[in-house]
Amino acid sequence: MLTDITIGQYFPAPSLLHRLDPRMKLILTVLWIAMVFVPKNWFGLLLAVAFLVLCIALSGLPGRLIFKSIRPILPLILFTSILNIFYVSGGRLLFSWWIFKVHTGGLITAAFIGIRIICLIIGSSLLTYTTSPTALTDALERLLSPLKVLHLQVHELAMMMTIALRFIPTLIEETDKIMSAQKARGADFESGGLMKRVKAMIPILIPLFVSAFRRAYELATAMECRCYQGGEGRTRMKQLHLARRDYLSLAVSLAVLALLIVMNILIDPVL
Amino acid sequence: MEIINAQALSFSYENPDEAPHIVLEGVDLSIEKGSFVALLGANGSGKSTLAKQCNAILLPTGGKLLVDGMDTADPDRLFDVRRTVGLVLQNPDNQLVSSIVEEDVAFGPENLGLPPQEIRRRVEDSLRAVGMYGYKDSAPHKLSGGQKQRVAIAGILAMQPDCLVLDEPTAMLDPQGRREVLQTVHALNRDRGMTVVIITHYMEEAAGADRVLVMDGGKICMDGTPREIFSQVDKLRECRLDVPQPTELCYRLRQKGVNLPADILTAEEFVAAFEAVLKEGADR
């Protein structure tokens, strides 16, 4: 059934990472991206991987979830690794056939970049695994609110995300209904070539769009009934508070990042 | 004290090329605080338009509408009007804003700019009032139609209105959901003295009200207690409406010369009255 899909990939659990303030988790994710790209030597990369393993252990997530997050990008990792192996020269020549030449430098670069990408994906999926979409939207709105000075419509953006999240299941259910209705009248979505199948989607999309606009109109009325007047003067029921664990996790992450920079200075780079 | 007071209220959609499309025509109406009013009318009779006038979603094009003494056409009082009269719409799916029940209920009070503790208090109170407190962390799409509509009602209640206007709140629900919503609305009227105006197509729902209004062609054509209204079967038919089934049965039996009262509303009343008639026949 189409309705069985979950939005985002939130996996509820009572772990430390789940309890962290979503704003802090966003900041930590940005820090993590820096931590992945700073190391220029194996020891630094090893430290970053160790930090990631610690985070995974603190997240209380099952291992299969972690693996699931990298599966979709495996082809990309493979592709970049192969390019790196053949394009990067330097070091000893290991293998040569026709125009293909493999150097030790290529192998090292491929491994280094591959590990970097895997770490990056796992680290950022920890954010979406441990934070519900609503909490994430909320955190984004609050973190971006200083940009209001630049006339960025932060509240409107967040409201749009909230409503989109709310209506995804509703519209999926609707699609299901329309498909059943069209099938009952003999529509065929499964056979034929690509073009034929794309054309078969038109009788689904048109009613879906019409109904989405009708829903939007009604929702606007309902929001007006509840005194909605934009972000001005609005308060929030759920207040976010930075706790000691949030400051502590920030301190640890900054310390690791600082250590990585120091290691870069002291140890010769491999790349 | 009256909470809603319409004086020669008219509303029409202006059309530059054609004659204006008149939806409401000279409606005079006053609704007392604490009453439970059912508003009936065939499709296109103007009842939804009247509901939207009550909280200034639409504004009169003629006459005026006072909500608790405030003119709905006064832009300075717009949000006071909407805080006083809450409007619940037909489709619960299209009224819920957030993907978490309690956050959705909080949407109204958040818009009013209340302090967080006060919002929390109101959200919990409203969810308890509609019997949905146990679902506060659920996602709306996992709830049944009746439950979603109760959440929508809680969302309006959290703004603490004096009057609740419901525009066919049960039209899209199954019988179980209809019962849930009606019981909730009746409880609010009984326990909290909330004024309720409910628009419905189900005559059985109207039979439980204090007062029934019937609209036809943009005018209020009948106004009275359920008994007064439903005993006038012919007049209701002229307004393209039905009567509750027990009333209908009574009406047909009376036409055949059976001596039954004209103002029967429920199956229980009918059984009692019919028993009396049978006994009378046996005595004779």
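So, how was this worked out
- Residues numbered from 1 in each chain as written.
- Chains lettered and ligands numbered in written order.
- Predicted model: local features only at pLDDT ≥ 70, side-chain atom pairs only at ≥ 80, totals over all residues.
- Heavy atoms only, no water.
- Domains from an automatic or database assignment.
- Contact = heavy atoms within 4.5 Å.
- Buried area = accessible area lost by both parts, 1.4 Å probe.
- Buried < 20%, exposed > 50% of the residue type's maximum accessible area, 1.4 Å probe, protein only.
- Helix = DSSP H or I, 4+ residues; strand = E, 2+ residues; numbered from the N terminus.
- Salt bridge = Lys/Arg side-chain N within 4 Å of Asp/Glu carboxyl O.
- Polar contact = N/O pair within 3.5 Å; in protein donor to acceptor, adjacent residues only side chain to side chain.
- Nonpolar A, V, L, I, M, F, W, Y, C, P; charged D, E, K, R; others polar.

Notes on the domain arrangement of chain B
Residues and elements named next belong to chain B.
Here is step 1: We note that the domain assignment places domain 1 (2–243) and domain 2 (244–284) within chain B.
Here is step 2: Distance between the C-alpha centres of domain 1 and domain 2: 34 Å.
Here is step 3: Listed as interface residues are eleven residues of domain 1 and, on the opposing side, nine residues of domain 2.
Here is step 4: Across the domain 1/domain 2 interface, buried area totals approximately 970 Å², and carbon plus sulfur atoms make up 59% of it.

Things to note about helix 1 (residues 47–54) of chain B
Residue and element names in this part refer to chain B.
Here is step 1: Of all eight residues making up helix 1, six are buried, and the element is well covered by its neighbours.
Here is step 2: Burial in helix 1 covers these residues: Lys-47, Thr-49, Leu-50, Ala-51, Gln-53 and Cys-54.
Here is step 3: Taken from the residues just after helix 1, Ala-56 is the one with a positive phi, measuring 60 degrees.

Concerning the interface of chain B and chain A
Here is step 1: Taken together, the contact between chain B and chain A spans 40 residues of the former and 28 residues of the latter.
Here is step 2: Here chain B meets chain A over a buried area of about 3100 Å², counting both sides, of which 55% is carbon and sulfur.
Here is step 3: Our enumeration of links across chain B and chain A arrives at six salt bridges.
Here is step 4: Measuring nitrogen to oxygen at the nearest pair gives 3.0 Å for the salt bridge that ties B:Glu103 to A:Lys238.
Here is step 5: In this assembly, chain B and chain A are joined by 14 residue pairs in polar contact (both at pLDDT 80 or more).
Here is step 6: Contributing elements (two or more residues each) for the side of chain B that touches chain A: helix 2 (78–84), helix 3 (101–111), helix 4 (116–129) and helix 5 (145–157) of chain B.
Here is step 7: Top contributing element to the side of chain B that touches chain A by residue count: helix 3 of chain B, with ten residues.
Here is step 8: For the side of chain B that touches chain A, the per-class residue count stands at 20 nonpolar, eleven polar and nine charged.

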